[in-house]
Protein chains: 4
Amino acid sequence: MARTMKAAVFVEPGRIEIREKPIPEVGPNDALIKITTTTICGTDVHILRGEYAVATGLTVGHEPVGTIERLGSAVTGYQEGQRVIAGAICPNFNSYAAQDGYPSQDGSYLAHQGACGCHGYQATAGWRFGNKIDGAQAEYLLVPDAQANLAPVPDGLSDEQVLMCPDIMSTGFKGAENANIRIGDTVAVFAQGPIGLCATAGARLLGATTVIGVDGNPHRLDMARRWGADVVLNINDCDVVAEIMRMTQGKGVDSAIEALGQQKTFESALRVIKPGGTLSSLGVYSEDLRIPMAAFAAGLGDHRINTALCPGGKERMRRLMNVIQSGRLDLGAMVTHRFPLDQITDAYELFSHQRDNVLKVAIRTF
Amino acid sequence: MARTMKAAVFVEPGRIEIREKPIPEVGPNDALIKITTTTICGTDVHILRGEYAVATGLTVGHEPVGTIERLGSAVTGYQEGQRVIAGAICPNFNSYAAQDGYPSQDGSYLAHQGACGCHGYQATAGWRFGNKIDGAQAEYLLVPDAQANLAPVPDGLSDEQVLMCPDIMSTGFKGAENANIRIGDTVAVFAQGPIGLCATAGARLLGATTVIGVDGNPHRLDMARRWGADVVLNINDCDVVAEIMRMTQGKGVDSAIEALGQQKTFESALRVIKPGGTLSSLGVYSEDLRIPMAAFAAGLGDHRINTALCPGGKERMRRLMNVIQSGRLDLGAMVTHRFPLDQITDAYELFSHQRDNVLKVAIRTF
Amino acid sequence: MARTMKAAVFVEPGRIEIREKPIPEVGPNDALIKITTTTICGTDVHILRGEYAVATGLTVGHEPVGTIERLGSAVTGYQEGQRVIAGAICPNFNSYAAQDGYPSQDGSYLAHQGACGCHGYQATAGWRFGNKIDGAQAEYLLVPDAQANLAPVPDGLSDEQVLMCPDIMSTGFKGAENANIRIGDTVAVFAQGPIGLCATAGARLLGATTVIGVDGNPHRLDMARRWGADVVLNINDCDVVAEIMRMTQGKGVDSAIEALGQQKTFESALRVIKPGGTLSSLGVYSEDLRIPMAAFAAGLGDHRINTALCPGGKERMRRLMNVIQSGRLDLGAMVTHRFPLDQITDAYELFSHQRDNVLKVAIRTF
Amino acid sequence: MARTMKAAVFVEPGRIEIREKPIPEVGPNDALIKITTTTICGTDVHILRGEYAVATGLTVGHEPVGTIERLGSAVTGYQEGQRVIAGAICPNFNSYAAQDGYPSQDGSYLAHQGACGCHGYQATAGWRFGNKIDGAQAEYLLVPDAQANLAPVPDGLSDEQVLMCPDIMSTGFKGAENANIRIGDTVAVFAQGPIGLCATAGARLLGATTVIGVDGNPHRLDMARRWGADVVLNINDCDVVAEIMRMTQGKGVDSAIEALGQQKTFESALRVIKPGGTLSSLGVYSEDLRIPMAAFAAGLGDHRINTALCPGGKERMRRLMNVIQSGRLDLGAMVTHRFPLDQITDAYELFSHQRDNVLKVAIRTF
């Protein structure tokens, strides 16, 4: 095996480029994965633009599909050469946060040093690949806590079929899981980008019988119908809040899922939930949010607002791959464009400008 | 029995006065209660001040303790003369909202008429006594849906011992129940008025082992200690958020309960919850709320925000009276002052200005 | 309107016959329903055979589809002539049991009179139609607590499409709801009669990605596939427990649903659930059950066993009809045979002997 | 440090003796604990008697209190010399079972080899100390997965105060946690041995307001009162089932906790739960159980039966120690007798025969 590899590294705002880097050493609890396919996430675009800061020289990317190249001495139950994925969030399940039920928040508990009065944790505490440690847009990826995080890919599933599991699908489905869905529910999903589409599919998978997809892009609304929406609403064609209240005879929906991260969608979601309803928030907000008093029923509406960070771990990945394998959903169809790792800057160019109706790109490494 | 009765009615902003009114007729599903003791709630003060609008001539008050004077023809299982209470929120359990799990929201589901895009329900939809129908600060009270709402008072409990059950205790305890408390949790309760004190007691009753009471009033902080707080923090003596983060080694509390209804307390509650933590909100907000992005972990903190309206119904009242009867908590001790119904304007005067360290007043009717 | 009606009454073991009976009087909280379609349930067969005792002269049947003929004086929000259904279990939602979260158990709480040490309630306490009061196999049905129990049928749905909602679908779906299903679960459903088939459909609807249908009847296994089973196992072709353990690599299934009511199926369900798994039991058992120590992991397996009685109420019916209306499932297809009310003895004959691959019969009244 | 240590090893049925053994080597994820205090559990008595088989030469015991002697190379966040405990069940939190929510079942998932049709796991799969690997009744204990399992003891807590956390308290409290307790509940706890006493205390801590302790030993019933029972019933003085049904006016209790592991207590627990009630089972059963059809309401009672294996992990231990530290409960008072490790055979003699009103013994090692 070579001593160096190609990796897409953050150089400075506006520049993510392929560089040669040493292939990492493997500690007792690590695994080295030879990446076969990865993808670019909206968060990577924020990194590219300098809107989310990472260290210069860091390899970006957090959605790995590949084969096990080398296993740490303390990692058991896997074979080298085995096809695996790992979650975008790659928790240490030994942590207090994980044992408390919040593995994605590992790294945030008990991490505060000063007495400054601010939150003692980073919003993205549990996210390591391409954030705190080198990521997946490379020929090789070092996976820490490998025993907890390596998930074997079932025979018969292609790289692209499982490529959405590590992040998009896990996040979108968590949005549906956080929405307290019961059989017969009406659920509105605000924004139908890749995560919103997965939330739409997840809401249907969990028993909602009226799933309403909301977006301004007709192409994405078509995808929404295909992946589970019973009704789609184009924000450019109607007053979505009024329309949803009309459809529900003024009651509102049982749950709304926010999948964009903006005041407008958050507020609309709040305005359409019934008394007793749930707002499941997936978006990454960049500004303070405002809760209109009326939409919040002055605090008396038996409302719930739930947020989430993408769940990881091998059991989560196993379950998501089951969904694919069972034929419930073909998430591979989300890949609209393909690039070799060498041309990843072209992929960033296309994806960051949402050209050519791109939904997700596949980056092929070997 | 007389044909008329005395009742405290809303006349105009600034005036709630005793008037003579007809004793109500009893329909098939109603019960007429002879009130023996009632109390004044903070909401009544808002009504008095014209900050919350009710119809002129409406009898105010929503915390009834009394005896059954007359039962509707379809109400079974009670005897006239029996001592009973009814919840401040007096739901129709036959409603869609109740069957859906939200009895306090009865009246709000399917109530929208237009297509205006606003929420089709009132924030206070499920609250009837002293809001939509005549209330409890009177000699007699007509209880609708009596079969669902009349809760017999166990022998041996005085009027004052059960006087907090209909509202203050049910609301405060709901704040604790909504906080997802597990054994060993740390819970901060922001504001220690009557509802906050009940939330404090409720948090301890549910297994929290570090209950932190926050207020600016030393007398109320003393009460907080007596009713369950392990630690009390005076907002005038320290930076409460910083102090709580220090106490929890930067992790934050498992849950925070907001019991005032202001931006300051809501925001502080949000700032001290751990990743994965719950903000249980009890306050009635009068202005839009702001969610600081950092406190909200940009939407990635696995946070939950839960709101509630006071639960009612005979089973709820039965359970709350069990708490009193078992000796777990002596909520009768919350009554600091007593007035006859005739002098209720004096009681409003004292209570609305928080004079003489008043916590709650008892209004004695007979 | 006539003063009398035709009704299928229990005469003696072996005889259910059409008789003339007075059309019932309507009390303030009642509604009189003109039945257009009803069906026969397995329980009715037990009544017919004298295995389950009901009063001589009682009208049997508990699955009503019809139109409102007359409304009680206190029932609001409906119109005469409106098409409605009501649940097989028709609870009083004002009861302690309902407010405690168990409406189907209404009638059982606080019902004990003696000090005999036995359970103070009947197993079938909440079931009234065709058990404690006259039932639905008649021209007219009196529905008590009508405000809580009448569910309007959405336009466009036929009688047969909603005929399974009152009992079979509500029960089968409850079996799935009680199984703690999460996305990616493997669920085995033991027995694929009408209730088992609905449990199979419900398990899939709730996100199980490997649903295993078990039965001995090839026709029913075909239906199981059609309604959601990914895999079907014929008990005559394999050792089902061994096969399921093999399919799950020795781990067992996440949940098993028992839908027959026999030791064999109960025990098999227990033997195949994983440590931490749930056994959701729907069957009506006629004999004591035995829990094999090994299958129960000596009590150390983090197992859950949940039982249920069919949920009722208008909100439940509304949700189930949503499932039909959304096109998720065509339960009308379960009707394999049709009879007029006059020929109901023929329908009992066919259904009780499971002739001609009957699944469910429709009884047409008008 | 010495190369060998004293350890209580299982020699043959009837003989557990002190032997010299090598002090274990420390792998990268291990920690070596110098035991200062440990105790004997009822399970150890079963091992002593040969009723539960372990390997000859195995060191027994699973309740360690001590100091860190040596840390594995990959274990971070601890210092040598630090006082710690570890749970009796010492899970690998990287396992599928743990990530699925059942850490105590680690070792049981995916463990089946054959196609024998039996459960592919041992009832005690997650229990390692003194079962699969050397245990805590020794001078030194090797803790695997130390990062997940070492819980620092807060300053000010003595060894005896935290000695019950690893097993008795964690198990008993889990029994209460599994009982679905809500504020105002009535809970009956069958058997008041050490685990039953902790279940009693746990039920009260979680908000039950009528806790009924059942046993035949007056001394233990006194302890039950002291630790939270509102009422105690001596099985020798009354028909406990009849008495509980009388106390609850025929309704039954909301939850019953079984803490002995016998048909009699299991069956009594089932007979006293209300429709909708929960049976939380803690006992280790040695024979098949029988479910009487009437007590089970023929499967129609909306009943839940939950079993559990003692939870472990550092977060669990941290929470339990919080309970002690907050002064909610003084579990150190459960220690009635003390022995040095050298005299552990005397301790077994006393404890196994329940002499001298022994509840728990402390074994002091250094």
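Residues numbered from 1 in each chain as written. Chains lettered and ligands numbered in written order. Predicted model: local features only at pLDDT ≥ 70, side-chain atom pairs only at ≥ 80, totals over all residues. Heavy atoms only, no water.

Caption draft 1: Representation of the overall build of chain A. Looking only at helices and strands, chain A has 11 helices and 16 strands in total. Its C-alpha atoms give chain A a radius of gyration of 20 Å, near enough to 21 Å, the size a compact globule of 366 residues would have. Taking all 366 residues of chain A together, 67% fall into the buried category. When contacts within chain A are restricted to residue pairs at least 6 apart in sequence, long-range pairs at least 24 apart make up 69% of them. (Helix = DSSP H or I, 4+ residues; strand = E, 2+ residues; numbered from the N terminus. Rg over C-alpha atoms; globule rule 2.2 N^0.38 Å. Buried < 20%, exposed > 50% of the residue type's maximum accessible area, 1.4 Å probe, protein only. Contact = heavy atoms within 4.5 Å.)

Caption draft 2: Inspection of the side chain of A:Asn92 at higher detail. Residues and elements named next belong to chain A. Relative to the elements of secondary structure, Asn92 occurs in the loop between β5 (83–85) and α2 (96–99). Among the polar contacts made by the side chain of Asn92, one reaches the main-chain amide nitrogen of Asn94 at a distance of 2.8 Å. With sequence-adjacent residues up to four places away left out, Asn92 is seen in contact with Ala98, Asp106, Arg128 and Asp145. (Polar contact = N/O pair within 3.5 Å; in protein donor to acceptor, adjacent residues only side chain to side chain.)

Caption draft 3: Region of interest: the interface of chain A and chain C. Contacts between the two partners involve 24 residues from chain A and, on the opposite side, 24 residues from chain C. A buried area of about 1,900 Å², summed over both sides, lies between chain A and chain C, and 45% of it is on carbon and sulfur atoms. Of all residues in chain A, A:Ile183, A:Arg319 and A:Arg328 bury the most surface against chain C, accounting for 40% of the area lost on that side. Counting every contact that joins chain A to chain C gives 6 salt bridges. In this structure, C:Arg319 engages A:Asp185 in a salt bridge whose closest nitrogen and oxygen atoms are separated by 2.7 Å. At the level of elements, α5 (165–177), α6 (194–205), β9 (210–215) and α10 (314–325) of chain A are the ones that each hand at least two residues to the side of chain A that touches chain C. For the side of chain A that touches chain C, the element with the highest residue contribution is α10(A), accounting for 4 residues. Counted by class, the side of chain A that touches chain C contains 7 nonpolar, 6 polar and 11 charged residues. (Buried area = accessible area lost by both parts, 1.4 Å probe. Salt bridge = Lys/Arg side-chain N within 4 Å of Asp/Glu carboxyl O. Nonpolar A, V, L, I, M, F, W, Y, C, P; charged D, E, K, R; others polar.)

Caption draft 4: Local environment of the interface of chain B and chain A. Listed as interface residues are 60 residues of chain B and, on the opposing side, 60 residues of chain A. Surface buried jointly by chain B and chain A totals about 5,200 Å² across both partners, of which 56% is contributed by carbon and sulfur atoms. A salt bridge links B:Arg182 to A:Asp100; the shortest N-O distance between them is 2.6 Å. Summed over the shared surface of chain B and chain A, the number is 25 residue pairs in polar contact (both at pLDDT 80 or more). Secondary-structure elements contributing two or more residues to the side of chain B that touches chain A are α8 (240–247), α9 (263–272), β12 (273–281), β13 (289–291) and β14 (304–307) of chain B. The element best represented in the side of chain B that touches chain A is β12(B), accounting for 5 residues. Tallied by class, residues from the side of chain B that touches chain A come to 29 nonpolar, 20 polar and 11 charged.

Caption draft 5: Main features of the pairing of strand β8 (residues 186–190) of chain B. All names here are of chain B. Counted residue by residue, β8 has 5 buried out of 5 residues, so it is predominantly covered. The pairing of β8 with strand β9 (residues 210–215) spans 5 bridges and is parallel. In the strand pairing of β9, Phe190 is matched with Val214. Note on the crossover from β8 through helix α6 (residues 194–205) to β9: the handedness is right-handed. Strand direction decides the pairing type here: β8 and strand β11 (residues 253–258), joined by 4 bridges, are parallel. From the neighbouring strand, Phe190 faces β11, where its bridge partner is Glu258. (Pairing = 2+ DSSP bridges. Right-handed = clockwise from strand over helix to strand, strands pointing away.)

Caption draft 6: Geometry of unusual backbone geometry. Residue and element names in this part refer to chain A. One non-glycine residue, Gln354, lies in the positive phi region at around 50 degrees. For Gln354, the location among the structural elements is in the loop between α11 (344–352) and β16 (360–364). Relative accessible area serves as the criterion here: at 41%, Gln354 is assigned to the partly exposed category.

Caption draft 7: Up close: the confidence of the model for chain A. All names here are of chain A. Per-residue confidence for chain A gives a mean pLDDT of 94; residues scoring 70 or more make up 95%. Confidence drops under pLDDT 50 across residues 110–121; counting only partners more than four residues distant or on other chains, this segment forms 30 contacts. Both scores are available for the predicted complex, with the pTM at 0.96 and the ipTM at 0.95. (pLDDT = per-residue confidence, 0-100.)

Caption draft 8: Local environment of the packing of helix α5 (residues 165–177) of chain D against helix α10 (residues 314–325) of chain D. All names here are of chain D. Taken N-terminus to C-terminus, the directions of α5 and α10 make an angle of 90 degrees; their axes are 11 Å apart at the nearest point. By the angle between their axes, α5 is roughly perpendicular relative to α10. In contact with Cys165, Pro166, Met169, Ser170, Phe173, Lys174 and Glu177 of α5, α10 contributes Arg316, Met317, Leu320, Met321, Val323 and Ile324. Partitioning the contact of α5 with α10 into residue classes produces 9 nonpolar, 1 polar and 3 charged. (Axes fitted to C-alpha atoms, helices over the stretch in contact; angles between N-to-C directions. Parallel < 35°, antiparallel > 145°, perpendicular 65-115°, else oblique.)

Caption draft 9: A look at the pattern of salt bridges. Throughout the structure, instances matching the rule amount to 104 salt bridges over all chains. As a salt-bridge pair, C:Glu349 and C:Arg355 come within 2.5 Å of each other at their nearest N and O atoms. Three or more residues are tied together by salt bridges with common partners; here these are A:Asp100, B:Arg182, B:Asp185, B:Asp254, B:Lys274, D:Glu315, D:Arg318 and D:Arg319.

Caption draft 10: Broad picture of the domain arrangement of chain A. Residue and element names in this part refer to chain A. By domain assignment, chain A separates into domain 1 (4–90 + 126–167 + 310–364) and domain 2 (169–307). Computed over C-alpha atoms, the centres of domain 1 and domain 2 are 28 Å apart. Residue-level contacts link 22 residues of domain 1 with 16 residues of domain 2. At the boundary of domain 1 with domain 2, total buried surface from both sides reaches about 1,600 Å², with 68% on carbon and sulfur atoms. Run the count over domain 1 and domain 2 and you get 1 salt bridge. Salt-bridge contacts for Glu177 lead to Arg316; the nearest nitrogen and oxygen are separated by 3.0 Å. Taken together, domain 1 and domain 2 are joined by 8 residue pairs in polar contact (both at pLDDT 80 or more). Of all elements in the fold, only α5 and α10 reach the threshold of two or more residues within the side of domain 1 that touches domain 2. Here the element with the most residues in the side of domain 1 that touches domain 2 is α10; it accounts for 5 residues. In terms of residue class, the side of domain 1 that touches domain 2 is made up of 15 nonpolar, 2 polar and 5 charged. (Domains from an automatic or database assignment.)

Caption draft 11: View of the relation of the copies chain B and chain A. Between chain B and chain A, the superposition needs a rotation of 180 degrees and an axial shift of 0.0 Å, giving an RMSD of 0.0 Å. Accordingly, the operation relating the two chain copies is best matched by a two-fold axis. An overlap of 100% is found between the interface residues of chain B and their copies at the interface of chain A, pointing to a shared contact surface. (Least-squares fit on C-alpha atoms with pLDDT ≥ 70 in both.)

Caption draft 12: Layout of helix α9 (residues 263–272) of chain C. Across the 10 residues that make up α9(C), a large majority, 7, are buried. What α9(C) keeps buried is the set C:Thr265, C:Phe266, C:Glu267, C:Ser268, C:Ala269, C:Leu270 and C:Val272.

Caption draft 13: Here's a closer look at the relation of the copies chain A and chain C. Rotating chain A by 180 degrees and translating it 0.0 Å along the rotation axis places it on chain C, where the RMSD comes to 0.0 Å. Counting the interface residues of chain A, we find that 100% of their copies in chain C are interface residues as well, pointing to one common contact surface.

Caption draft 14: Expanded view of the sheet that holds strand β10 (residues 231–234) of chain A. Here we have 12 strands laid out as an open sheet, ordered β10(A)-β9(A)-β8(A)-β11(A)-β12(A)-β14(A)-β14(B)-β12(B)-β11(B)-β8(B)-β9(B)-β10(B), and mixed in their pairing. With one partner strand each, in any of the chains shown, β10 of chain A together with β10 (231–234) of chain B form the two edges of the open sheet. Each strand of the sheet is rotated relative to its neighbour by a mean of 15 degrees, with strand direction disregarded. Where β9(B) lies against β10(B), 4 bridges are found, and the strand directions are parallel. By the bridge assignment, B:Asp215 is partnered in β10(B) with B:Asn234. Across the sheet, α6(A) touches β8 (186–190), β9 and β11 (253–258) of chain A, and the angle it forms with β8(A) is around 170 degrees.

Caption draft 15: Spatial organisation of the side chain of A:Thr37. Residue and element names in this part refer to chain A. Along the polypeptide, Thr37 turns up in strand β3 (residues 31–38). For Thr37, a relative accessible area of 4% puts it in the buried group. At a separation of 2.6 Å, a polar atom in the side chain of Thr37 contacts the side chain of Asp159. If we ignore the near neighbours within four places in the chain, the residues touching Thr37 are Glu63, Pro64, Val65, Asp159, Leu163, Ala362 and Ile363.

Caption draft 16: Layout of the pairing of strand β15 (residues 335–340) of chain D. All names here are of chain D. Inspection of the sheet shows β15 paired to strand β16 (residues 360–364) by 5 bridges, in the parallel sense. Residue pairing for β16: His337 is matched across the bridge by Val361. As a crossover connection, the stretch from β15 through helix α11 (residues 344–352) into β16 is right-handed.

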